[in-house]
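# A look at the structure
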Amino acid sequence: MENKQNNSGLKAAVVVLALLFLGSLGYIFKMNSDNKKQVTELTTEKTSLENEIKAKIAELESMSNENNALKSDIDAQKAEMEKLLGELQKAKDDSASMRKYQGLYAKLNREFENLKAENELLKQQNVTLKSNLDSTNVVLDDAKRFNDTLVMQNDNLTKTVEKGSKLSVLNLNVLAVKERSSGKQI
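Residues numbered from 1 in each chain as written. Predicted model: local features only at pLDDT ≥ 70, side-chain atom pairs only at ≥ 80, totals over all residues. Heavy atoms only, no water.

## Remarks on helix 2 (residues 71–90)
A turn of α-helix holds 3.6 residues, and therefore any two residues three or four places apart point the same way. For helix 2, which comprises 20 residues, the first-to-last C-alpha distance of 28 Å matches the rise-based estimate of 28 Å (1.5 Å per residue) to within 8%. Every buried residue of helix 2 is accounted for by I74, Q77, K78, M81, L84, L85 and L88. The arc that holds every buried residue of helix 2, seen down its axis, measures 125°, which confines them to one face. For helix 2, the exposed residues set more than 90 degrees away from the buried face come down to S72, K83 and K90. (Helix = DSSP H or I, 4+ residues; strand = E, 2+ residues; numbered from the N terminus. Expected span 1.5 Å × (residues − 1). Buried < 20%, exposed > 50% of the residue type's maximum accessible area, 1.4 Å probe, protein only. Arc of directions from axis to C-beta.)

## Some thoughts on the nonpolar core
Here is a general trend for soluble globular proteins: nonpolar side chains tend to be buried in one another's company. Counting 19 residues, the largest nonpolar core has L49, I53, I74, M81, L84, L88 and Y101 as its most contacted members. Sorting the residues of this core by element identifies helix 1 (2–66), helix 2 and helix 3 (95–165) as the ones contributing at least two each. Beyond its immediate chain neighbours, meaning those up to four positions away, I53 contacts M81, L84, L85, L88 and Y105. (Core = buried A, V, L, I, M, F, W, Y, C linked by side-chain atoms within 4.5 Å. Contact = heavy atoms within 4.5 Å.)

## Examining the environment of S181
Topologically, S181 is positioned in the segment after helix 3. Sequence separation of S181 and N32 is 149 residues, and the distance between their C-alpha atoms is 136 Å.

## Concerning the packing of helix 2 against helix 3
At a closest axis distance of 11 Å, the pairing of helix 2 and helix 3 adopts a crossing angle of 165°. As judged from the angle between their axes, helix 2 and helix 3 are roughly antiparallel. Here helix 2 runs over helix 3; the crossing is left-handed. Residues D73, I74, Q77, E80, M81, L84, E87 and L88 of helix 2 form the contact with helix 3, whose own contacting residues are M98, Y101, L104, Y105, L108, N109, E111, F112 and L115. Across the contact of helix 2 with helix 3, the residue classes break down as 11 nonpolar, 2 polar and 4 charged. (Axes fitted to C-alpha atoms, helices over the stretch in contact; angles between N-to-C directions. Parallel < 35°, antiparallel > 145°, perpendicular 65-115°, else oblique. Left-handed = near helix turned anticlockwise from the far one by under 90°. Nonpolar A, V, L, I, M, F, W, Y, C, P; charged D, E, K, R; others polar.)

## Looking at a nonpolar patch on the surface
Nonpolar side chains collect at one region of the surface, where V15, L19, F21, L22 and L25 lie side by side and expose about 510 Å² of accessible area between them. Here L19 lies in helix 1. By relative accessible area, L19 is classed as exposed at 57%. (Patch = residues over 30% accessible without salt bridge, like charges linked within 9 Å, V, L, I, M, F, W, Y side chains within 5 Å. Areas by Shrake-Rupley, 256 points an atom, 1.4 Å probe, with all protein chains shown as cover. Salt bridge = Lys/Arg side-chain N within 4 Å of Asp/Glu carboxyl O.)

## Considering the side chain of K46
Tracing the chain through its elements places K46 in helix 1. Judged by its relative accessible area of 10%, K46 is buried. In this structure, K46 is in contact with L88, Q89, A91, D93 and M98, ignoring residues within four places of it in sequence.

## So, the pattern of salt bridges
Taken as a whole, this structure holds 7 salt bridges when the rule is applied. Put simply, K78 and E61 hold a salt bridge, and the shortest N to O gap is 3.5 Å. With K78 in helix 2 and E61 in helix 1, this pair connects stretches of sequence that are 17 residues apart. D142 is the salt-bridge partner of R145, the closest N and O atoms lying 2.9 Å from each other. Here D142 and R145 lie together in helix 3, a separation of 3 residues that amounts to about one turn. By relative accessible area, R145 is classed as exposed at 52%.

By themselves, these figures tell us nothing about what the structure is for.
Structural data, given as structure tokens:
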């Protein structure tokens, strides 16, 4: 009887251990599938962040070609973006590093937006300055034409004065005349 009782206790222990084993297998399978999902999501997130950074770098290159005034700032921003991209590509696919790189990207993105706004402002000012320059050039051309006209008139008057200075008086007869209040000349 003791043997049967030992066997039934042993069977119960085996059943409990088998259930625990199956439960742990299910738990490990679930954790493995959750981990795979997380790795897939992190890889997708990493790829997405890399693509965003590459797009920003391309946009910075075009801004650098357009604007010489901000070229050094834009090139510095581009270098930081390229450095971040290099670090991101070398980084592991874990959530802590992704949060770190997303924070760095958010900071660089704010700086990028500031540079972009400043670039747009400079473009607008450039358009205004070009129109002002065009109108100033028109006024300057008109003033040059008027000045040329005045120079020509001055030359003509100088020639007339030179001709008048060559005139001399010959055979001049002078008569003294006195005029009375009635208007009669004596």
